[in-house]
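# Secondary and tertiary structure notes
As a plain string of letters, each chain reads:
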Amino acid sequence: MKIAVSGCLLGEKVRFDGVHKHDRFVTDELGCYASFVPFCPEAIAFGIPRPSVKLVNRDDNIAVVSNKDGSDLTQKLLEKSYEEVHRIADEKLGGIIFKSRSPSCGLGSTVAYLENGFAGSKTDGVFASVCREKFPLLPMEEEGRLQDAWLRENFIMQLFAYDAIEKLKENKPTMKILVDFHIRNKFLLQAKDEKLYRVLGNIVGNHENLTFGTLFANYEQNFKVAIAQKSSIKRNRNVLEHMSGFFKNELSGVEKKALHEQIEEYAKKIVPIIVPLSTIKLYAKKHKIAYLLGQTFLEPYPKELALRSSLLSSK
Ligand code: SF4
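## Some words on the site of the ligand
Cys8, Phe39, Cys40, Ser102 and Cys105 are the nearest of the 13 residues found near the ligand. The residue makeup of the shell around the ligand, split by class, is 5 nonpolar, 4 polar and 4 charged.

Shown next as C-alpha cells:
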C-alpha cells in the first residue's frame with residue numbers, strides 16, 4: 001500500500017529551519033507494510049530554509065502570513081498545494097499522514113491566529129484542507145493524534161480495510177466474491193457501525209436488481225464511510241460476545257465462563273482486547289469454525305504491529 005506522508009515525518013530536512021521531524025512509528029513500523037509518497041508544499045512554494053508562516057483568520061477567511069514581514073502568502077501556498085495534491089493523486093494512495101499543527105499540513109490542529117495576534121480556533125492547514133476536498137474517503141490522520149493508542153489502532157485498521165476493498169476492486173470481483181468479502185468483514189463492520197453494516201448487507205442483497213457496477217460503487221462508498229468510524233469498547237464487547245456464541249455447543253461450562261470473564265475484564269479495562277480475541281481464535285482453530293477464522297476482525301492488520309496489546313487502544 002502507498003501512503004502519502006509529510007516529508008519532514010520521513011526524516012527529510014524540509015522544514016522552514018532546515019530540520020526534520022522524523023516519526024519512527026511511521027518509518028520503522030508502518031514502513032514494513034507500506035511505501036511512502038513524500039510531500040512538502042511549503043518547500044516547493046518557498047524553498048529551504050524559509051521564513052516561517054502562520055495562519056491568520058481575516059473576516060472568516062484563512063490567510064497564510066509570513067512571520068518575517070507579515071506578507072500574505074496565501075495564493076502561492078494554495079497554488080503549490082494544488083500542484084502537490086495532483087501529483088500525489090496519481091499514486092493510487094491508500095492513506096495520508098500529516099504533520100500536526102503545521103500551517104500547511106495540520107489536520108484540524110493548526111491554530112488560526114486573530115488579527116490582534118491572539119490564538120484563535122484550530123483548523124486544517126492549507127494543504128490538508130485541499131486533500132480533504134480532493135480525497136473525501138481516503139484514510140487521513142496526523143502524527144500528533146497517532147500518539148494516542150486508540151486513534152492509532154483505529155487508523156491502522158482503516159488503512160488495511162481500505163487497502164482490502166481497493167484490491168478487491170482491482171481484481172474485478174463477481175457478486176459471489178463481494179458477498180464473501182462482506183461476510184468476512186461482518187464483525188469488523190459491526191465493531192465500527194452497526195447501522196452501516198446493515199446498509200451494506202442490504203446493498204449485497206440487491207433487492208433493487210441494480211447492475212453489479214452500480215451496486216459495487218454503492219458498497220464501496222458505504223464501506224469506506226463505515227471503516228472511518230471509531231470503534232468503542234461497547235461495540236467491541238458486543239462483537240466478542242457474538243463471536244463467543246459460536247462455541248456454545250463446543251465449550252465446557254468452565255471454558256465458557258472463562259471466556260465470558262475475559263470479555264468482561266476487557267469491558268472493564270482490566271485486560272486489553274487481545275486477551276479475549278486470542279482465546280476466541282484458539283477455540284475457533286481447535287473446533288475448526290471456518291466462519292470465525294475467516295473474520296478480518298480477528299486480525300485486521302499484521303499482528304506484529306501489536307496495537308491491540310495495550311489497554312489504551314480501546315475507549
Ligand atoms: S509540516 Fe508539511 S509543509 Fe511543513 S515541513 Fe513538514 S511536510 Fe513541509
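## Examining the side chain of asparagine 236
Mapped onto the elements of the fold, asparagine 236 is located in helix H10 (residues 233–244). In this structure asparagine 236 comes out as buried when scored by relative accessible area, which is 6%. Those residues in contact with asparagine 236 that sit more than four places away from it in its chain are Ala191, Ser231, Tyr266, Ile273, Phe297 and Ser314.

## A look at the environment of proline 276
Inspection of the secondary structure puts proline 276 in helix H12 (residues 274–286). Separated by 32 residues in the primary sequence, proline 276 and serine 244 place their C-alpha atoms 9.4 Å from one another.

## Considerations on the pattern of salt bridges
A side chain with one charge may pair with a side chain of the opposite charge, provided their charged atoms come close. Considering all chains together, one arrives at 22 salt bridges under this definition. Note that glutamate 115 is salt-bridged to arginine 58, the shortest N-O span being 3.3 Å. Separated by 57 residues along the polypeptide, glutamate 115 in the loop between strand E6 (110–113) and strand E7 (119–123) and arginine 58 in strand E3 (residues 53–58) bring together distant segments of the chain. Looking at glutamate 115, the relative accessible area reads 55%, which means it is exposed.

## Describing the packing of aromatic side chains
Scanning all chains against the criterion turns up 12 aromatic pairs. For the ring pair tyrosine 33 and phenylalanine 160, a centre distance of 6.3 Å and an interplane angle of 70° mean the geometry is edge-to-face. Placement of the pair is tyrosine 33 in the loop between helix H1 (24–29) and strand E2 (35–39) and phenylalanine 160 in helix H5 (residues 149–170), with a sequence separation of 127 residues. Note on phenylalanine 160: relative accessible area 16%, which makes it buried. Seen from their ring centres, phenylalanine 181 and phenylalanine 223 are 5.1 Å apart, and the 55° between their planes marks the pair as tilted. On the criterion of sequence distance, the pair formed by phenylalanine 181 in helix H6 (residues 175–184) and phenylalanine 223 in helix H9 (residues 212–227) is long-range, its members being 42 residues apart. Taken together, the ring pairs in this structure connect Phe39, Phe98 and Phe127 into an aromatic cluster. Against the face of phenylalanine 25 rests arginine 152, its NZ or CZ located 3.7 Å from the ring centre. Positioned over the ring face of phenylalanine 297 is arginine 308, at 4.8 Å from the centre of the ring.

The rules behind the values
Residues numbered from 1 in each chain as written. Predicted model: local features only at pLDDT ≥ 70, side-chain atom pairs only at ≥ 80, totals over all residues. Heavy atoms only, no water. Near = heavy atom within 4 Å. Nonpolar A, V, L, I, M, F, W, Y, C, P; charged D, E, K, R; others polar. Helix = DSSP H or I, 4+ residues; strand = E, 2+ residues; numbered from the N terminus. Buried < 20%, exposed > 50% of the residue type's maximum accessible area, 1.4 Å probe, protein only. Contact = heavy atoms within 4.5 Å. Salt bridge = Lys/Arg side-chain N within 4 Å of Asp/Glu carboxyl O. Phe/Tyr/Trp six-rings, centres within 6.5 Å; stacked < 30°, edge-to-face > 60°. Lys NZ or Arg CZ within 6 Å of the ring centre and 35° of its normal.

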